[in-house]
Amino acid sequence: MKKALFLILISLQLHSQKYINNNPNDTLSVDKLGKKIELESNLDSINKWNDYLLKIIKERKKIKNLNHKIKNYYQLSELNCFLTKSYLLNEKGKTKEAIKIYYKVLKLANPKKHKQIIGFVYGEIGTRHFVENDFTEAIKYYNHALNYLDKKKDAYYLSIIYNNIGLYFFKNNKPENALNYYKKSLELDLSLHNYSNIAIRCNNIHRVYLSLKNDVEALKYLELAKKYAIKANSDYDLCLIEKNFSFLYKNKNYKKYLNHLENSYKLAVKENRIDIIELSGLELYKIYKQEKQYLKALLVYEKVAFAKDSLYRKENQNELLKANFKYETEKKEQKIKVLAQEKQIAQLKTKQQKTIIFIIILIIFSTGIGLYFLFKKYQNNKEKQLLQINLEKLNAEKKVIESDLNTLKSQMNPHFIFNALNSIQSQFMFGNKLIANEMMSNFTKLTRTILEVSSENVIPLQTEIEILKRYLDLEKLRLKDDFNYAINIDKNLDIDYHKIPPMLIQPFAENSIKHGLLHKEGEKKLTIDFTLDQSEEFLVVTIEDNGIGRKKSEEIKSKNKHNSFSTNSIAQRLELLNENKKIKEMLVYEDLVNENGIGIGTRVILKIEF
């Protein structure tokens, strides 16, 4: 940003100087504009620029009938002073005051004559908002800036704006938009042959392609970034690029990964780039430690630890040298005394540095030992937790297997087998042998199917429905013509695609027949509906009969001392399947009663997660 501001200010200078050179006899221009505007970097010169600005405004107001050219150059000088003052305020961290001046410049500037200045000011306001993470306002002002800046005249500054807009889109997970603006920025930097900025833009584009999981393009632009960073002789940028190379090769090519990581670390140390020293250094430390290169690991760890500390000490050293220089200038007569004091300070400093180094090494060594024991303790705890988790899994699997076996037993219980075979025998002896053969075939297929699916975790819904049909057909033959059943399937269900655990539904159908319909006189009906819930995450199975109801059935069972083994095992199995508690009620019983409260059937609702 500093370079962009200097370009604007130099442009204003040239305008003013050009007029002075072309009008040497114009006393007004020489007296009032002849003071060449200097690009001060001294932060204490704000008052100087403020005084100069007030003089220009005062002189302009005093003189009447200013010709057009002189008035224009006065205006340029005012804008020049405002921009310089705002730059100095920004350098002092007085951002709000600087922005107030930018708004003054926008009011003073002529939209037709001062497009470059207006574009720059909008861009600077946008950047202030960008730094404060107010991205909505930043993008608004950047767009205003783009309306005024020219690609040829303001290529350098436009490149910065495009890059910042690209960064905004990248941070907000819009990689395609980010890529568009980064490439615009790159195009401008290529036209300027600004190798350092080209390297930065290529590195940014590589990051976008990396987020899009396009490793080929990411590698291509990273290689371009390295090429231009080398051309620019910018080791500062190169250490980050080498770090990015190491990331690309981390899980693909260990040799290249380690090589780029070491290059990144060496360049970062050379350039004293603390952020990369920390990133690359910590990774190298882990690698060296893992490879039992403990000396290398320790040296790297020391560098990481010293990185920030050395910067702090360097700043202190610079301040000390400035203080010594000032002291020598003001007190030359005490030169000998000062030299003696400096020597003493140097000795104390050396001693202090040695003490600090010894303390840091001691701290690192102690920390290393402490971390090792903590790691071992953590490792042991993790192993215990893992064993506990495995044990819990084995117990859970054991329960599921036991439940499956119980279900299989309930499916093929002796009572059902006896009744089915008895009905088949009766057909052979007293009935239709063709029907008897059909029943025998159906019974054999049903038995084989149940045995086949009993070892599966899930089966297609179609298979479960076929098991139900075969079973109900056998029951229909046993119960004669007064028993009818219906199986209804929701049209949204794909019975070949959707899968459920095997043999969940048949025990409830058997329960309805055995305890509800078998004791009922007259027409016996059983209806089974398969539907999807509204979220389409669960299968809802409704089994409804017009039997005697649960209350009366319980009375009969209590007399016979019967325990409903099959449905109890299915309920247990459903509870195991619902271990994450996604469904509040997986199994619901509803008693159907008439107006007099007498049971006229039972409805069972099952919810099964796909």
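Going along each chain's sequence as written, the residues are numbered from 1 onward. In view of the model being predicted, local features appear only for residues whose pLDDT reaches at least 70, and side-chain atom pairs are presented and counted only at 80 or more, with totals across whole chains, interfaces and linings using the full set of residues. Calculated side-chain values reflect all of the structure's heavy atoms, with hydrogen atoms and water omitted.

Side note on the overall build of the protein chain
Convention followed: Strands are runs of DSSP state E lasting at least 2 residues, helices are runs of H or I lasting at least 4, and numbering of each runs from the N terminus. Relative accessibility under 20% of the residue-type maximum defines a buried residue, over 50% an exposed one, and the middle range a partly exposed one, all with a 1.4 Å probe and only protein chains included. Throughout, a contact is declared for two residues whenever any of their heavy atoms are within 4.5 Å. Here the accessible surface of atoms and residues is derived via Shrake-Rupley with a 1.4 Å probe, and residues count as covered only by protein chains that are part of the display.
Scanning the protein chain from terminus to terminus reveals 22 helices and seven strands. Looking at the protein chain as a whole, 41% of its 610 residues are labelled buried. Considering only intrachain contacts with a sequence separation of at least 6, the fraction spanning at least 24 residues in the protein chain is 63%. Accessible area of the protein chain: about 36,600 Å², with a carbon and sulfur share of 53%.

Brief notes about the packing of aromatic side chains
Put simply, the rule is: Here the aromatic set is Phe, Tyr and Trp, taking the six-membered ring for Trp, and pairing holds for ring centres within 6.5 Å; pairs whose planes are under 30 degrees apart are stacked, those over 60 apart are edge-to-face, and all others are tilted.
By the definition in use, this model includes 15 aromatic pairs. In this structure an aromatic cluster arises from ring pairing among Phe-130, Phe-135, Tyr-142, Tyr-162, Tyr-168, Phe-169 and Tyr-181.

Comments concerning a nonpolar patch on the surface
The condition that has to hold: Surface patches are defined over residues having more than 30% relative accessible area and no salt bridge, joining like charges when they lie within 9 Å and nonpolar side chains (Val, Leu, Ile, Met, Phe, Trp, Tyr) when within 5 Å. Here a salt bridge means any side-chain nitrogen of Lys or Arg lying within 4 Å of a carboxyl oxygen belonging to Asp or Glu.
The grouping of Phe-358, Ile-359, Leu-362 and Ile-363 at the surface amounts to a nonpolar patch, some 400 Å² of accessible area in total. When its relative accessible area of 47% is taken as the criterion, Leu-362 is described as partly exposed.

Notes on the environment of Ser-159
By the secondary structure assignment, Ser-159 is in helix α8 (residues 155–171). In this structure, the C-alpha to C-alpha distance between Ser-159 and Tyr-182, residues 23 residues apart in sequence, is 8.6 Å. Once you skip the residues sitting within four places of it in the chain, Ser-159 turns out to touch Ser-185, Leu-188, Asp-189 and Arg-201.

What about the side chain of Asp-490?
Inclusion rule: None of His or the chain ends enter the tally, which takes Lys and Arg as positive and Asp and Glu as negative.
Take Asp-490: it is sitting in the loop between β2 (483–489) and β3 (499–500). The side chain of Asp-490 is buried and forms no salt bridge, while Lys-491, the nearest opposite charge, is found at 6.8 Å. Those residues within four positions of Asp-490 in sequence are excluded, and the remaining contacts are Phe-530, Thr-531 and Leu-532.

Quick word on the sheet that holds strand β4 (residues 524–532)
Pairing between the strands of a sheet comes from backbone hydrogen bonds, and it takes one of two forms, parallel or antiparallel. As a reminder, the rule being used: The criterion for strand pairing is that DSSP finds at least two bridges linking the strands in question. Whenever a helix is involved, its axis is fitted only over the stretch in contact; in every case the axis is a line through C-alpha atoms, and angles between N-to-C directions fall within 0 to 180 degrees.
As summarised here, the arrangement of the five strands in space is β2-β4-β5-β7-β6, forming an open sheet in which the pairing is mixed. Both outer strands of the open sheet, β2 and β6 (587–593), are each paired with one neighbouring strand and no more. Shown here is a sheet whose adjacent strand axes are inclined to one another by a mean of 15 degrees, direction ignored. Of the strand pairs in this sheet, β2 and β4 are connected by seven bridges, and their pairing is parallel. Within β4, the position partnered with Ala-486 by the bridge is Thr-527. Contacting β2, β4 and β5 (538–545), helix α19 (residues 461–479) crosses the sheet at an angle of about 170 degrees to β2. Here helix α20 (residues 506–517) sits on the sheet in contact with β2, β4, β5, β6 and β7 (599–609), set at roughly 155 degrees to β4.

Notes on the environment of Glu-575
If you trace the backbone, Glu-575 turns up in helix α22 (residues 565–577). It is 9.7 Å that separates the C-alpha atoms of Glu-575 and Glu-585, two residues lying 10 residues apart in sequence.

So, the confidence of the model for the protein chain
For the record, the criterion: Summary of the metric used: pLDDT quantifies the predictor's per-residue confidence within the range 0 to 100.
A residue-level look at the protein chain finds 74% of positions with pLDDT of 70 or above and a mean pLDDT of 77. Confidence drops under pLDDT 50 across residues 1–21; counting only partners more than four residues distant or on other chains, this segment forms 51 contacts. When the criterion is pLDDT under 50, residues 23–44 qualifies, and its contacts beyond four places in sequence or with other chains add up to 47 contacts.

Observations regarding the pairing of β5
The buried fraction of β5 amounts to seven of the eight residues, a majority that puts the element mostly inside the structure. In this structure, β4 lies alongside β5, joined through seven bridges in antiparallel fashion. By the bridge assignment, Ile-528 is partnered in β5 with Ile-543. Where β4 folds back on β5, the antiparallel hairpin that results is connected by five residues, among which Glu-536 adopts a positive phi of roughly 60 degrees. For β5 and β7, the ladder comprises eight bridges, and the chain directions are antiparallel. Within β7, the residue paired with Leu-539 across the bridge is Ile-608.

Describing helix α12 (residues 235–249)
Spelled out, the test is: What a helix is expected to span follows from its residue count: subtract one and scale by 1.5 Å.
If you check α12, its first and last C-alpha atoms are 21 Å apart, about what 15 residues at 1.5 Å a residue would give, namely 21 Å. Burial in α12 covers these residues: Asp-235, Asp-237, Leu-238, Cys-239, Ile-241, Glu-242, Lys-243, Asn-244, Phe-245, Ser-246, Leu-248 and Tyr-249. Looking at the packing, one finds that the buried side of α12 touches α10 (195–211), α11 (215–231), α13 (254–271) and α14 (274–290).

A few points about helix α7 (residues 135–148)
Over its 14 residues, α7 runs 20 Å from end to end, which matches the ideal 20 Å to within 8%, given 1.5 Å per residue. Those residues of α7 lying buried are Phe-135, Ala-138, Ile-139, Tyr-141, Tyr-142 and Ala-145. Contacts made by the buried residues of α7 are with α5 (95–108), α6 (115–131) and α8.

Thoughts on unusual backbone geometry
Positive phi is not limited to glycine here, since Asn-272 has a value of about 55 degrees. Inspection of the secondary structure puts Asn-272 in the loop between α13 and α14. Look at Asn-272 and you get partly exposed, because its relative accessible area is 30%. Notably, Glu-536 is not glycine yet its phi reads approximately 60 degrees, a positive angle. Turning to its location among the elements, Glu-536 is positioned in the loop between β4 and β5.

Comments concerning the nonpolar core
Let me state the cut-off plainly: In this description, a nonpolar core means a group of buried Ala, Val, Leu, Ile, Met, Phe, Trp, Tyr and Cys residues linked to one another through side-chain atoms lying within 4.5 Å.
Counting 74 residues, the largest nonpolar core has Val-105 and Val-121 as its most contacted members. The leading source of residues in this core is α8, at 11 residues. Grouped together as the second largest cluster of nonpolar side chains are 41 residues, Ile-495, Ile-505, Ile-513 and Ile-570 included.

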